[in-house]
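Fold and geometry: a report
One-letter residues, chain by chain:
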Amino acid sequence: FREQPIFSTRAHVFQIDPNTKKNWVPTSKHAVTVSYFYDSTRNVYRIISLDGSKAIINSTITPNMTFTKTSQKFGQWADSRANTVYGLGFSSEHHLSKFAEKFQEFKEAARIAKEKSHEKMELTSTPSQESAGGDIQSPLTPESINGTDDERAMPEMTQNSEPRAEPTQNALPFTHSSTISKHWEAELATLKGNNAKLTAALLESTANVKQWKQQLAAYQEEAERLHKRVTELECVSSQANAVHTHKTELNQTIQELESTLKKKEEEIEGLKQEIENARELQAQRDSLTQKLQEVEIRNKDLEGQLSDLEQRLEKSQNEQEAFRNNLKTLLEILDGKIFELTELRDNLAKLIECS
């Protein structure tokens, strides 16, 4: 091949959401091999990553590109030719730093190669024949870019939690019920997320099962054809040695096909077990949904009780206020009477002294 891998590592691959330009969309379900390739004929460097037979990264390094570390284990760069931004999640900061160093090194090499190309153009006064896109398809296979590192990485995620206000004594039953309701809602949301993932996995598994069934049918047809061929060869007595050799090879092929069939059947059994587990999770989700509805009904009852208690409390407070006002009025009247009696006593005492 004219392109050869010069550095490989493993990372989780992401691309920026083309709609929002903010969120990351994972393009690989697990850590895959990400390799730097060098094309000696065109003197260009490319970053290539395959997930199975699908190329999820095909980015030509140019001098104006910049690799940015956004966290201790995550980095990104923009590719204007592909009109996207690539992101890589590594298993450690060391692997991220190593990838960034290689990016800077090959970026500088690309810059030097571009300058030399311009100088050659000026000397020869002929237009450059370099390819403009870096999209030439190389005869790459997943085996040709396997790296030696075995790390796995995921981008770091942070969770934000909202503070809860302290409940008052009068609102305690309602707040406790709300806490229980939020707990069940969180569990229900988690189950819904898991259910969506399992549904996607089931759809993918169903498609794989159909493909495997087709392969099994093709293998069975091939086995029958080989059996017929063996029978035909056995009928030819003049080619006994050749028939024996072909028969041995065909028997080995049949054994390999039977082994493959057995493995596929085991995989189908495993998928059936996953489907059964998904159904159990669906039943659990329905049960939790019913419990959540019961909690909501109880919550409404507690709200009604709380409202009734608040009305009673307000009425009691009004009655106590009226009682206090009446007591104040009586105390004022009593003070006036006491003052009058005191004056009367003083006058009687004076009259007694005078007499």
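A brief report on the enclosed structure follows. It should be emphasised that the depicted structure is a prediction, and the values quoted were computed from it without experimental measurement.

What follows deals with the overall build of the chain. In terms of helices and strands, the chain carries three helices and eight strands. Helices and strands appear in the chain in the N-to-C order β-β-β-β-β-β-β-β-α-α-α. Looking at the chain as a whole, 26% of its 355 residues are labelled buried. Taking all contacts inside the chain whose residues are at least 6 apart in sequence as the whole, residues at least 24 apart take part in 62%.

Now for a nonpolar patch on the surface. Residues F323, L327, L330 and I333 make up a contiguous nonpolar surface patch of roughly 400 Å² in combined accessible area. Checked against the element boundaries, F323 lands in helix α3 (residues 240–354). Of the residues examined, F323 reaches a relative accessible area of 53% and is grouped as exposed.

All right, on to the pattern of salt bridges then. Under the definition given, this model contains nine salt bridges. Where R111 meets E115, a salt bridge forms, and the shortest distance between an N and an O atom there is 2.5 Å. With R111 and E115 both in helix α1 (residues 93–124) and four residues apart, this pair spans about one turn of that helix. Overall, the relative accessible area of 31% leaves R111 in the partly exposed class. For E115, a relative accessible area of 38% translates into the label partly exposed. Among the ionic pairs, D286 bridges to R285, the shortest N-O distance being 3.9 Å. Sharing partners across several salt bridges, the network here consists of E108, R111 and E115.

Judged by nonpolar contacts, the single largest core of 23 residues is most densely connected at Y36, I47, I57, W77, L88 and F99. Of all the secondary structure elements, the ones that give two or more residues to this core are β1 (3–16), β3 (32–39), β4 (44–51), β5 (54–60), β8 (84–89) and α1. A per-element tally of this core places α1 first, with six residues.

Here the phi dihedral of K21 falls at roughly 60°; this positive angle occurs in a residue that is not glycine. The topology assignment puts K21 in the loop between β1 and β2 (24–26). We classify K21 as partly exposed; its relative accessible area is 48%. The backbone phi angle of N43 is positive, close to 60°, even though this residue is not glycine. Along the polypeptide, N43 turns up in the loop between β3 and β4.

Here the structure, examined in full by the defined rule, presents 14 aromatic pairs. With 4.8 Å between their ring centres and 65° between their planes, Y36 and F106 make a pair best called edge-to-face. With Y36 in strand β3 and F106 in helix α1, the pair connects residues that are 70 residues apart, well separated along the chain. Note on Y36: relative accessible area 0%, which makes it buried. Under the relative-accessibility criterion, F106 is labelled buried at 6%. Three or more aromatic residues joined by ring pairs make a cluster, and in this case those are F7, Y36, Y38, Y45, F67, W77, Y86, F90, F99, F103 and F106.

Before going further, it helps to spend a moment on the pairing of β5. Bridge count between β4 and β5: six bridges; the pairing is antiparallel. Following the sheet pairing, L50 is matched in β5 by A55.

Conventions used here
- Residues numbered from 1 in each chain as written.
- Predicted model: local features only at pLDDT ≥ 70, side-chain atom pairs only at ≥ 80, totals over all residues.
- Heavy atoms only, no water.
- Helix = DSSP H or I, 4+ residues; strand = E, 2+ residues; numbered from the N terminus.
- Buried < 20%, exposed > 50% of the residue type's maximum accessible area, 1.4 Å probe, protein only.
- Contact = heavy atoms within 4.5 Å.
- Patch = residues over 30% accessible without salt bridge, like charges linked within 9 Å, V, L, I, M, F, W, Y side chains within 5 Å.
- Areas by Shrake-Rupley, 256 points an atom, 1.4 Å probe, with all protein chains shown as cover.
- Salt bridge = Lys/Arg side-chain N within 4 Å of Asp/Glu carboxyl O.
- Core = buried A, V, L, I, M, F, W, Y, C linked by side-chain atoms within 4.5 Å.
- Phe/Tyr/Trp six-rings, centres within 6.5 Å; stacked < 30°, edge-to-face > 60°.
- Pairing = 2+ DSSP bridges.

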